[in-house]
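Structural characterization, general
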Amino acid sequence: MAERVRVRSMMPPGHVRAPAYLRGKTGEIERELGRFANPEQLAYGLEAEKQPLYRVRFTMAEIWGEAAERPTDTIDAEIYGHWLERL
Amino acid sequence: MPHDHPSHSHEGMSPSGHPYREDNDAALTYWQRMEIAVRELLIEKGLVSSEEIARQIDAMDARSPANGAAVVARAWTDPDFKERLLQDASAASREMGFDIGPLHLIAVENTDTTHNLIVCTLCSCYPRNLLGLPPDWYKTRAYRSRAVIEPRAVLREFGLELPDDVQVRVHDSTADMRYIVLPARPAGTEGMSEEQLAALVTRDSMIGTGLPRRP
Amino acid sequence: MSNTDGRRWHDMGGKEAGPLSFDQHDFALWEKRVDALMVLCGQKGLFSVDGLRRALEDMGEDAFETMSYYERWIAATNQNLLEAGAYTVQELGEKMEEVAGRGPTYGEAQDG
């Protein structure tokens, strides 16, 4: 059973790799990718903590609602663990 | 399909069919001055050598869609290799002898019911260490913005109309992975050699904006 | 550009945009050199890819619209190298002056 997660909806300034169009959206973990250095620290030349990275699959319906070109098409994106809430 | 089929008939075009970038004979720009200055300062400080720069340029020039095409053709002809490719595309590429550096590559498979499309909405991440540098359109606002909200309309602009029963899976390269599409082997290619098959695999078919050529 | 939701300019997924353009150009030597410097300096730990992206993002949308791809990348590379202490602003300024004095074209100015 795929695990459901929601991308956090916060909008801080600075270097962030969670795209705005996915924030607040719910998807399923497609696979775990291992731990990778946090780009939000790397970007400023800082020692970076490793964060778990996941491929999360979203439906077009979840992301775009009524405006979806084809509701059942999907988008996969890599999201770091500190941007995900488990549901 | 404007990009995978270069024309050789235009004057002022390079062998690849594209206009030459204004270069050595044009007026020196501020940013070219910066490139020269940065490069020379790095060499003077012993941080980078001119040999390393030359080697890196050669290494990048040696990477091209032909490398990816060879990987795809191997996967079409060797089921065990295909399994390894879908499991770990970096290891499978290295197994074939390609120097892909630290690239973390994931291969996604097109089938009768699934079509995959690769984009990077945040910048222009691309499997450059296997396929070489990305085409210009991959880096444009239009492609980056639209591929995730209307992929089918984008594909139509590439001349690709997908059947209704095919699901589109878009892959946004937001972090440490890069992606390559394993296109479906075209019908009518039974008995073709791996080399003949590789010639059918276009760059766009490995990004998902095209299909392989038909034999 | 007014900004009411905190979304940054480079974060383009799903935004309105026009038709695709299939214009294509071959890379010039100076562009290949910029690419090589980015890769080599990253390998040597002088900066990270995210440091480059951060500098590009902070250059703003105007830079995206008015500068070419490798113009933006040499600017971002330079920003990161200054921050890493690889050389000083003064050294860069003097070197760029010296380069300009070598001749009016890239071909004449490219080697010191």
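Residues numbered from 1 in each chain as written. Chains lettered and ligands numbered in written order. Predicted model: local features only at pLDDT ≥ 70, side-chain atom pairs only at ≥ 80, totals over all residues. Heavy atoms only, no water.

For the rest of this paragraph, the subject is the overall build of chain C. From N to C terminus, chain C includes six helices and zero strands. The linear arrangement of helices and strands in chain C, starting from the amino end, is α-α-α-α-α-α. Expected size for 112 residues packed as a compact globule is a radius of gyration near 13 Å; at 17 Å, chain C overshoots this value by more than 25%. In chain C, of all internal contacts separated by at least 6 residues, the share reaching a separation of at least 24 is 55%. Entry remark: accessible area of chain C is about 5,000 Å², with carbon and sulfur atoms responsible for 49%. (Helix = DSSP H or I, 4+ residues; strand = E, 2+ residues; numbered from the N terminus. Rg over C-alpha atoms; globule rule 2.2 N^0.38 Å. Contact = heavy atoms within 4.5 Å. Areas by Shrake-Rupley, 256 points an atom, 1.4 Å probe, with all protein chains shown as cover.)

Right, let's get into the overall build of chain B. The secondary structure content of chain B amounts to ten helices and four strands. Secondary structure elements of chain B, listed N to C terminal, follow the sequence α-α-α-α-α-β-β-α-α-α-β-β-α-α. Taking all 215 residues of chain B together, the buried fraction comes to 55%. Residue pairs in contact within chain B that sit at least 24 positions apart in sequence constitute 65% of those at least 6 positions apart. Surface summary for chain B: the accessible area is close to 9,100 Å², and the carbon and sulfur share equals 50%. (Buried < 20%, exposed > 50% of the residue type's maximum accessible area, 1.4 Å probe, protein only.)

Our next topic: the domain arrangement of chain B. Residue and element names in this part refer to chain B. When its domains are assigned, chain B resolves into domain 1 (9–62) and domain 2 (63–207). On a C-alpha basis, the centroid separation for the pair domain 1 and domain 2 is 28 Å. Tallying the contact residues gives four residues for domain 1 and six residues for domain 2. Each partner contributes to the roughly 400 Å² buried at the junction of domain 1 and domain 2, and carbon and sulfur atoms together form 49% of this total. (Domains from an automatic or database assignment. Buried area = accessible area lost by both parts, 1.4 Å probe.)

Another aspect to go through is the interface of chain C and chain B. With 65 residues of chain C at the contact, the number on the chain B side is 62 residues. Carbon and sulfur atoms make up 62% of the area that chain C and chain B hide from each other, which totals about 5,900 Å². On the chain C side of the interface with chain B, the three residues burying the most area are C:L20, C:F22 and C:Q24, jointly 12% of the side's total. In this structure, the salt-bridge partner of B:R141 is C:E65, at a minimum N-O distance of 2.4 Å. (Salt bridge = Lys/Arg side-chain N within 4 Å of Asp/Glu carboxyl O.)

With that settled, the discussion passes to the packing of aromatic side chains. Overall, the coordinates contain 13 aromatic pairs over all chains when judged by the stated rule. The interplanar angle of 70° and the centroid separation of 4.7 Å between the aromatic rings of B:W137 and B:F158 together place this pair among those described as edge-to-face. Remark: B:F158 occurs in the loop between helix 8 (151–157) and strand 3 (167–172) and B:W137 occurs in the loop between helix 6 (128–131) and helix 7 (141–146); sequence separation between them is 21 residues. On the basis of relative accessibility, which here comes to 1%, the residue B:W137 falls in the buried class. On the accessibility criterion, B:F158 (0% relative accessible area) is buried. An angle of 85° between the planes, with centres 5.7 Å apart, marks the rings of C:F27 and C:Y70 as edge-to-face. Taken together, the residues C:F27 in the segment before helix 1 (29–43) and C:Y70 in helix 4 (residues 69–84) connect sequence positions 43 residues apart. (Phe/Tyr/Trp six-rings, centres within 6.5 Å; stacked < 30°, edge-to-face > 60°.)

With that out of the way, let us pick up the sheet that holds strand 4 (residues 74–80) of chain A. Ordered by their spatial adjacency, seven strands build an open sheet running 5(A)-1(A)-2(A)-3(A)-4(A)-3(B)-2(B), and the pairing between neighbours is mixed. Looking at which strands have only one partner, the edges of the open sheet turn out to be strand 5 (84–86) of chain A together with strand 2 (114–119) of chain B. If you compare each strand with its neighbour and ignore which way they point, the axes differ by 35° on average. The pairing of strand 2 (residues 26–37) of chain A with strand 3 (residues 50–59) of chain A spans eight bridges and is antiparallel. Each bridged residue has a counterpart across the sheet, and for A:R31 the counterpart in strand 3 of chain A is A:R55. (Pairing = 2+ DSSP bridges. Axes fitted to C-alpha atoms, helices over the stretch in contact; angles between N-to-C directions.)

What follows covers the side chain of B:R146. In this fold, B:R146 is placed in helix 7. Leaving out residues up to four positions away in the same chain, B:R146 has contacts with B:P151, B:A153, B:V154, B:E157, C:A17, C:G18, C:P19 and C:L20.

Scanning the model with the defined rule gives 36 salt bridges over all chains in all. C:R102 is paired through a salt bridge with B:E40; the nearest N and O atoms lie 2.7 Å apart. Taken as a pair, C:R102 in the loop between helix 5 (89–100) and helix 6 (106–109) and B:E40 in helix 1 (residues 30–44) lie in two separate chains rather than in one. When the shortest N-O distance is used, the salt bridge between B:D99 and B:R63 registers 3.7 Å.

The terminal C-alpha atoms of helix 4 of chain C, which comprises 16 residues, lie 23 Å apart, in line with the 22 Å expected from a rise of 1.5 Å per residue. Buried residues dominate helix 4 of chain C, accounting for twelve of its 16 residues. Tucked inside the fold, the buried residues of helix 4 of chain C contact helix 1 and helix 6 of chain B together with helix 1, helix 2 (49–59), helix 3 (61–66) and helix 5 of chain C. (Expected span 1.5 Å × (residues − 1).)

A few words on the environment of B:A107. Residues and elements named next belong to chain B. Inspection of the secondary structure assignment puts A107 in strand 1 (residues 105–109). Here the alpha-carbon distance between A107 and E52, two residues 55 residues apart in the chain, equals 31 Å. When sequence neighbours within four positions are dropped, the list of residues in contact with A107 reads L85, L86, A89 and I180.

Opposite the 29 residues of chain B that make contact, chain A presents 22 residues. Contact between chain B and chain A buries roughly 2,200 Å² in total, counting both sides, with carbon and sulfur atoms accounting for 45%. Counting across the chain B and chain A interface gives two salt bridges. With a shortest N-O distance of 2.8 Å, A:D73 and B:R152 are connected by a salt bridge.

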